[in-house]
Structures are given as structure tokens and as C-alpha cells.
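Listed here are the chains, written in short residue letters.
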Amino acid sequence: MTTTKYLACPTEIVEAPVGVVWKLLTNISGWGSFFNLRVTGVEPPGPAAKGQRCSVESGPRWLHLGVSFEYTLIDETHYKLELDARFPLGITVHEALDCVPLEGDRCRVNLHCHFGLPGGWRGALLRFLLGHRFTAGPADSLRRLKRAAEQVYQGRKAEKDTS
């Protein structure tokens, strides 16, 4: 039973068009190239779709902490997606992410992470031990996405400039 809740909502301005960010987000098998995780499986394979599931490992390579994700919403028209994640120790997260196009090949990415923790003393202990990670983790993931999107976009611009 999950009762304890925690909410983290980082936002970043990305110096790349919304399409670049969206492509990174919806290619779940490529997440390991910029998020701090190792993708171990995607079912069904292919671009993001509601119901698609992904298994990953997080943490140090010797620890193999298994995490599972499932897309619950993909709205390509409005650049919105939602997914549910299950972490070890009974931690769950519902993530809602949207990308807002801005002028000049820029966009704003908003991430809303709704953490759920087990009830009772286990949840209280997890919140005490990992509390800072509930804010720092989503912010770090968003910074990694920002950096990856900006690198992809700068690479494309450089290719056009040399052509």
C-alpha cells in the first residue's frame, strides 16, 4: 500500500527545437545514452506508444537495481507524455512531462514527478534517507535531457554550416 506522497516539478529551458527533445523522449531504447540508467528491454520495440514498457537498471553496475516504466499517455500533438515507474523498495513515480515550443529554436520542458512511498515506518524511513533524491533526481534527469538535446541540435547546425 502506497500512502506517503512527494512531488517534484523541475523545469528547464532547452536551446533546441521541441522536436529534438521529443525525439529523445519517445525513443525509450535510447534513454541510456543520456539518462543515468541502462535499458535492458523494451516491449513492444519501436517508438513510444501508450502501454509500451521498458525495463532498466539504475545505480552502480554491480548493484543492478531494476526499474520498470510504462507509458500511460503519448500526445504528440501537444508534446505531452506520462509514464508510471516502479522502483525497488516499493517506490512508485507517476511522471507527467510536457514540452512547450518557444521562439528561436528553443523550448521549455516541464517535469512533474509524483512519488509514492510505502506506508508506515518503511515509507518514513525512505523519505528520511532518500528525501533529497526526490528533488535532485528529477532535476538531474532533466539537465541530462537538456544537455543531450542541445548537443544533438548543435551537431545538426554544424553539419548544415559545413554543407
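Attention in this report is confined to the structure presented alongside it. Since this is a predicted model, take the numbers as computed values, not measurements. Throughout this document, residue positions are counted from 1 along each chain, in the order its sequence is written. The model is predicted, so local features are restricted to residues of pLDDT at least 70 and side-chain atom pairs to those at 80 or more, both for listing and for counting; the totals for chains, interfaces and linings are taken over all residues. To obtain the side-chain values, all non-hydrogen atoms of the structure were used and water was disregarded.

## Remarks on the packing of aromatic side chains
Then, in step 1: Aromatic contacts are taken between Phe, Tyr and Trp rings whose centres are within 6.5 Å, Trp giving its six-membered ring; a plane angle under 30 degrees counts as stacked, one over 60 as edge-to-face, and the others as tilted. Taken as a whole and judged by the stated rule, the model has 9 aromatic pairs.
Then, in step 2: Aromatic pair Phe69 and Phe87: ring centres 6.5 Å apart, planes at 80°, arrangement edge-to-face. Of the two residues, Phe69 is situated in strand 5 (residues 65-75) and Phe87 in the loop between strand 6 (80-86) and strand 7 (92-102); the sequence distance between them amounts to 18 residues.
Then, in step 3: The partly exposed category is assigned to Phe87, whose relative accessible area is 30%.
Then, in step 4: Every member of this aromatic cluster is reached through a ring pair, and the members are Trp31, Phe34, Phe35, Phe69, Tyr71 and Phe87. Numbering of helices and strands starts at the N terminus; helices are DSSP runs of H or I of at least 4 residues and strands are runs of E of at least 2. Only protein chains enter the accessibility calculation, which uses a 1.4 Å probe; a residue whose area is less than 20% of its type maximum is buried, one above 50% is exposed, and one in between is partly exposed.

## Quick look at the side chain of Gln52
Then, in step 1: Its place among the elements puts Gln52 in the loop between strand 3 (38-43) and strand 4 (53-58).
Then, in step 2: In this structure the side chain of Gln52 is engaged in a polar contact, spanning 2.7 Å, whose partner is the backbone oxygen of Pro44.
Then, in step 3: Contacts are assigned to residue pairs that have any heavy atoms within 4.5 Å of one another. Those residues within four positions of Gln52 in sequence are excluded, and the remaining contacts are Ile28, Val42, Glu43, Pro44, Pro45, Gly46, Pro47, Phe69, Glu70 and Tyr71. In protein, a polar contact means a hydrogen-donor-capable atom and an acceptor-capable atom, both N or O and within 3.5 Å, with residues adjacent in sequence counting only if both atoms are side-chain atoms; elsewhere, any N or O pair within 3.5 Å suffices.

## Notes on the pairing of strand 8 (residues 106-118)
Then, in step 1: Of the pairings in the sheet, the one linking strand 2 (residues 11-14) to strand 8 comprises 4 bridges and is antiparallel in character. Pairing of Glu12 across the sheet is with Val109, part of strand 8.
Then, in step 2: Inspection of the sheet shows strand 7 paired to strand 8 by 11 bridges, in the antiparallel sense. Opposite His94, over in strand 8, you have His114 as the bridge partner. Each pair of strands is called paired provided DSSP finds at least two bridges between the two strands.

## Quick notes on the side chain of Glu12
Then, in step 1: Locating Glu12 in the fold gives a position in strand 2.
Then, in step 2: Here Asp and Glu are counted as negative and Lys and Arg as positive; His is not counted, and neither are the chain ends. Any carboxyl oxygen of Asp or Glu that lies within 4 Å of a side-chain nitrogen of Lys or Arg is treated as forming a salt bridge with it. We note that Glu12 is buried and unpaired, the nearest opposite charge coming from Lys146 at a distance of 4.2 Å.

## Brief notes about the nonpolar core
Then, in step 1: Nonpolar core, defined: a set of buried Ala, Val, Leu, Ile, Met, Phe, Trp, Tyr and Cys residues in which side-chain atoms within 4.5 Å join the residues together. With 41 residues, the main nonpolar core has Val21, Trp31, Phe69, Cys99, Val109 and Leu145 as its most contacted residues.
Then, in step 2: Those elements that place two or more of their residues in this core are helix 1 (18-26), strand 4, strand 5, strand 6, strand 7, strand 8 and helix 2 (120-162).
Then, in step 3: Beyond its immediate sequence surroundings of up to four residues, Cys99 is in contact with Val18, Val21, Trp22, Leu25, His78, Tyr79, Arg108 and Val109.

## Looking at the pattern of salt bridges
Then, in step 1: The tally for this structure, following the rule as stated, stands at 6 salt bridges.
Then, in step 2: In this structure, Glu57 and Arg38 form a salt bridge, with 3.7 Å as the shortest nitrogen-oxygen distance. Here Glu57 is found in strand 4, whereas its partner Arg38 is found in strand 3, with 19 residues between them in sequence.
Then, in step 3: With relative accessibility at 16%, the residue Arg38 sits in the buried group.
Then, in step 4: Note that Glu70 is salt-bridged to Arg53, the shortest N-O span being 3.2 Å. One end of the pair, Glu70, is in strand 5; the other, Arg53, is in strand 4, and 17 residues separate them in sequence.
Then, in step 5: Residue Glu70 is classed as partly exposed on the basis of its relative accessible area of 26%.
Then, in step 6: One salt-bridge network, in which partners are shared between bridges, spans Glu15, Glu103 and Arg106.

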